[in-house]
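# Geometric and topological summary
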Amino acid sequence: MSTPTEGLTLGAVSALIERKILTDIVRISRAGEPVFNPDTGQYEPGPPVIIYEGHGGVFPNGDPGIVLHLEGQAYVDDSASKYKLITPLDAPVASREDTVSVVNAADPAAIGRTWRVLDVGQTSTLAVVRTTFLDQNTQSSTSGSTS
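Summary of the structure given here. (Residues numbered from 1 in each chain as written. Predicted model: local features only at pLDDT ≥ 70, side-chain atom pairs only at ≥ 80, totals over all residues. Heavy atoms only, no water.)

## Concerning the overall build of the chain
Helix and strand counts for the chain come out as one helix and six strands. Ordered by position in the sequence, the α and β elements of the chain form the string α-β-β-β-β-β-β. Within the span of the chain, comprising 147 residues, buried residues form 32% of the whole. Counting contacts in the chain only where the partners sit at least 6 residues apart, residues at least 24 apart contribute 61% of the total. (Helix = DSSP H or I, 4+ residues; strand = E, 2+ residues; numbered from the N terminus. Buried < 20%, exposed > 50% of the residue type's maximum accessible area, 1.4 Å probe, protein only. Contact = heavy atoms within 4.5 Å.)

## Comments concerning the pairing of strand β3 (residues 82–87)
One face of the sheet, then the other: side chains in a regular strand alternate in exactly this way. Pairing between strand β2 (residues 42–60) and β3: four bridges, direction antiparallel. Bridge pairing in β3 places G57 opposite I86. Where β3 and strand β6 (residues 130–136) come together, six bridges link them in antiparallel fashion. Note on β6: the bridge partner recorded for K82 is D135. (Pairing = 2+ DSSP bridges.)

## A few points about the side chain of N37
Relative to the helices and strands, N37 resides in strand β1 (residues 24–37). Classification of N37 by relative accessible area gives buried; the value is 17%. Of note is the side chain of N37, whose polar atom sits 2.9 Å from the side chain of E44. Apart from residues lying up to four places away in sequence, N37 is in contact with Q42 and E44. (Polar contact = N/O pair within 3.5 Å; in protein donor to acceptor, adjacent residues only side chain to side chain.)

## Some remarks on the sheet that holds β3
An order of β1-β2-β3-β6-β5-β4 is seen for the six strands of this closed barrel, with the pairing classed as antiparallel. The sheet shows a mean angle of 45° between the axes of neighbouring strands, direction not considered. The pairing of strand β5 (residues 114–117) with β6 spans three bridges and is classified as antiparallel. For W115, the partnering residue across the bridge sits in β6 and is Q136. (Axes fitted to C-alpha atoms, helices over the stretch in contact; angles between N-to-C directions.)

## Overview of the nonpolar core
Ranked by internal contacts, the top residues of the largest apolar core, which has 15 residues, are I28, V58, L85, V100, V102, W115 and L134. Counting five residues, the second-largest nonpolar core is a separate cluster that includes I17, L22, V128 and V129. (Core = buried A, V, L, I, M, F, W, Y, C linked by side-chain atoms within 4.5 Å.)

## Topic: the layout of surface pockets
Reported here for the largest pocket is a volume of approximately 210 Å³. Residue lining of the largest pocket: 17 residues in total, with D24, V58, V102, A110 and W115 positioned closest to the centre. Considering each element in turn, the lining of the largest pocket owes the most residues, four residues, to β2. Broken down by class, the residue content of the lining of the largest pocket amounts to 10 nonpolar, four polar and three charged. (1 Å grid on protein atoms, 1.4 Å probe; cavity = no way out; pocket = protein on both sides within 12 Å on 5 of 7 lines; lining within 4 Å. Points joined across faces, edges and corners; volume = space filled by probe spheres on them. Nonpolar A, V, L, I, M, F, W, Y, C, P; charged D, E, K, R; others polar.)

Keep in mind these values describe shape, not function.
Here's what the structure looks like:
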């Protein structure tokens, strides 16, 4: 069989998406190791560890979802602000509870907003980008403001 010479390869599609759509800069970080504070005698959260900072985008994942509750108990990941992070395939895979923030974006209102990773990034045998589902932490219209 001969190799097709027409059409786009998955690599070409990935490069096109990265160049034309993933133009913002996002950061994925996770909690650092606890640090002992000799003044209080307690362990305190260490500085976050950045696992990725580079091209990506955060996009709404449709309208707010509705999750039915059982006996008044909220589902652990019930979220009124569902988003998805899109990153290149060569970016590290985010883990549950990592934090995603927008470092630089065409929309100044996006800069500084943060999201919690709901689950590890999706994967597929036919992927051109990595998708990771998020829940927004920052729910203030003052994010990215210059005042």
